[in-house]
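Residue-level listing of the chains:
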Amino acid sequence: MADLLAWTWGLGTSGQLGDNTATTKSSPVAVIGAHSFLQVATGTTHALALKADGSVWTWGLGTSGQLGDNTATTKSSPVAVVGAHSFFQIAGSNACSISLKADGVAWTWGLGTSGQLGDNTLTSKSSPVSVVGAHSFLQVAAGDIHALGLKVDGSAWAWGNGANGRLGDNTTTTKSSPVAVVGAHSFLQVAAGNAFSVALKADGSVWTWGIGTSGQLGDNTATTKSSPVAVVGAHSFLQVAAGNTHVTALKADGSTWSWGSGANGQLGDNTTTNKSSPVTVVGTHSFLQVAVGAAHVLGLKADGVAWTWGLATSGQLGDNTLTNKSSPVSVVGNFQWNAAQSGIGGTTSISLEMLTNISFWETRTSSYQAAQSSYSFLVSSYGQNRYLVVGVSILSVAGSSVSSITYAGVALTLLGTQASVTGADRVELWGLIAPLPGSHLVTVTLSASLNSVAHAVCVNGVHQTTPTESFNSAQATNVGAADATVNVTTVADNDWLVDVVGTTDTAITVGTGQLQRQNITGASGSGALSTKADITPAGAATMYWTNVGALETWAIAAIALRPTNAVASFFGGDEEALWYIIKE
């Protein structure tokens, strides 16, 4: 797996740049330490980063416990959040942090005086506490002193300070545990501003609630609302991001639109005027992802170049100046970014540098599904992601199959399928070229009410309009052996996705190269869930398991999804572990 290094710029007086200084920078500097992160987020004066093993690392202001290291001390280089936690999504707010686990439970730490930790108290915490209630979220977002959670049924939940109606429960009352946003709404993504909230629906419509005095609700008024209202205009958006008092939204054509406060040029429409309905960011720009700070915006293009606009007084635009910009300017330096982020209220920016053209970005594994005919889980596609692969293992039901898989309502293509030796188990691989940017639901529909487990991965690479797809399988016959081998034919420079069954192994090799372990959140059945990376398969190779256990082991492979991508899946029995193998 390619390393993803974090780089930062902007205000650094609290150590929030992570470069072991307390100095402001107007161009990118690297976060110190030999860290490789999968996801980054920022609060007002602190930052968070997520590693492949599920650990969260933080730096910056720590006086409210927002670093989660069991202290209230400021740090200018990364420290690990305490506890044996494994997370898969992170978010930062004014002085608290939120992380989400694979089971959907949200955990928080930091300032809690407005109930924003969701633990039914008004007390600050310097180590993670779980949000109360039997809630399972797909996504979390953090405002200044409130938070949002999105569930698989599309319902939005909120907690924290309720002034100005930002919780969307038709009140202005503070809540220290989650309450449902009113209305029969089904959302795909949530975002939180300073004192307002934003949500995106599957039809591309955006809904807002909370303070509206700067036009940030986008409903053509400057009126505050305590329940959701639709943003005006016949717009269909793919992603939304919220700043202190403005919103930026991305369309499928790469155009970016904004509304709300424009005083610092953060709307990008070449003015410094507030707008209460969407206006387009000027210039012939096509972005893949947008991220928003207090009063500035980052846009990431397909070539990996980051562009910024808005407030620059702390160097947060990264263009080596302290001058505000009301239209996009490029971040200085010869960088190719994989993802960009800036936090609510924040005056810093943070990005992950993509060191190679092909790299693993994010995966979400659904929990074991007992006798269901359809289920959904959230998968994010950012930066240079160009291929989404979903593998579904159906357990112990002969003749069963997947009827369809969709991502944000778009149908995936079946890449290949293989039944087990006994015919009772089955695995299918489905793929989609150029998935939409942002976080969207993968929905798996089965042929009947079946037990299954689904895994998803977004792979980076050069987009091919008409990829060559083929399917190859191989089976090991030494059932019950402690070791197992299987021959798999690949082509040069392929990437691999591997799904292997069984108890924790000692080693897996392909050809002469041993795979390296990288942990991934969660477990499925009684198998271990982790990652192995750094191989270069080419031609015919032998994949060899050491100490797999008394299992039937066999493999299937979808070869050459693109000339530079291939996917392989290993399956057998009712116990699973998930392995990802991605070529650097």
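Structure first, text after, so check above.
Residues numbered from 1 in each chain as written. Predicted model: local features only at pLDDT ≥ 70, side-chain atom pairs only at ≥ 80, totals over all residues. Heavy atoms only, no water.

Looking at the side chain of Ser155
Then, number 1: You can see Ser155 is positioned in the loop between β12 (146–151) and β13 (156–160).
Then, number 2: Here the side chain of Ser155 touches Trp157 through a polar contact of 3.0 Å, side chain to side chain.
Then, number 3: If near-sequence neighbours (up to four positions away) are discounted, Ser155 is found in contact with Gly149, Leu150 and His185. (Helix = DSSP H or I, 4+ residues; strand = E, 2+ residues; numbered from the N terminus. Polar contact = N/O pair within 3.5 Å; in protein donor to acceptor, adjacent residues only side chain to side chain. Contact = heavy atoms within 4.5 Å.)

With respect to the sheet that holds strand β16 (residues 196–201)
Then, number 1: Taken in spatial order, the 4 strands make up an open sheet running β15-β16-β17-β18, and their pairing is antiparallel. If you trace the sheet from one side to the other, it starts and ends with β15 (187–192) and β18 (225–230), each paired once. Taken over all neighbouring pairs, the strand axes of this sheet differ in orientation by 20 degrees on average, direction set aside.
Then, number 2: The pairing of strand β17 (residues 206–210) with β18 spans 3 bridges and is classified as antiparallel. The residue of β18 that forms the bridge with Gly210 is Lys225. (Pairing = 2+ DSSP bridges. Axes fitted to C-alpha atoms, helices over the stretch in contact; angles between N-to-C directions.)

Structural notes on the pairing of strand β19 (residues 237–242)
Then, number 1: Among the 6 residues of β19, 6 are classified as buried, and the element is accordingly described as predominantly covered.
Then, number 2: Note: β19 against strand β20 (residues 246–251), 5 bridges, orientation antiparallel. Note that in β20 the partner of Ala242 across the bridge is Val247.
Then, number 3: Counting the residues in the hairpin turn of β19 and β20 gives 3 residues. (Buried < 20%, exposed > 50% of the residue type's maximum accessible area, 1.4 Å probe, protein only.)

With respect to the pairing of β17
Then, number 1: Counting buried positions along β17 gives 5 out of 5 residues, so the element sits mostly inside the fold.
Then, number 2: In β17, alternate side chains face the same way, and those of Val206, Thr208 and Gly210 on one face and Trp207 and Trp209 on the other are all buried.
Then, number 3: Here 5 bridges tie β16 to β17, and the two strands are oriented antiparallel to one another. Within β17, the position partnered with Ser197 by the bridge is Trp209.
Then, number 4: Joining the antiparallel neighbours β16 and β17 is a turn of 4 residues, in which Gly204 adopts a positive phi near 90 degrees.

Details of the sheet that holds β19
Strand pairing within a sheet occurs via backbone hydrogen bonds; the two strands may be parallel or antiparallel.
Then, number 1: Overall, antiparallel pairing links the 4 strands, which are arranged β19-β20-β21-β22 in an open sheet. Pairing within the sheet leaves two strands with one partner each, and these edge strands are β19 and β22 (275–280). The average angle at which neighbouring strand axes cross in this sheet is 20 degrees, direction not considered.

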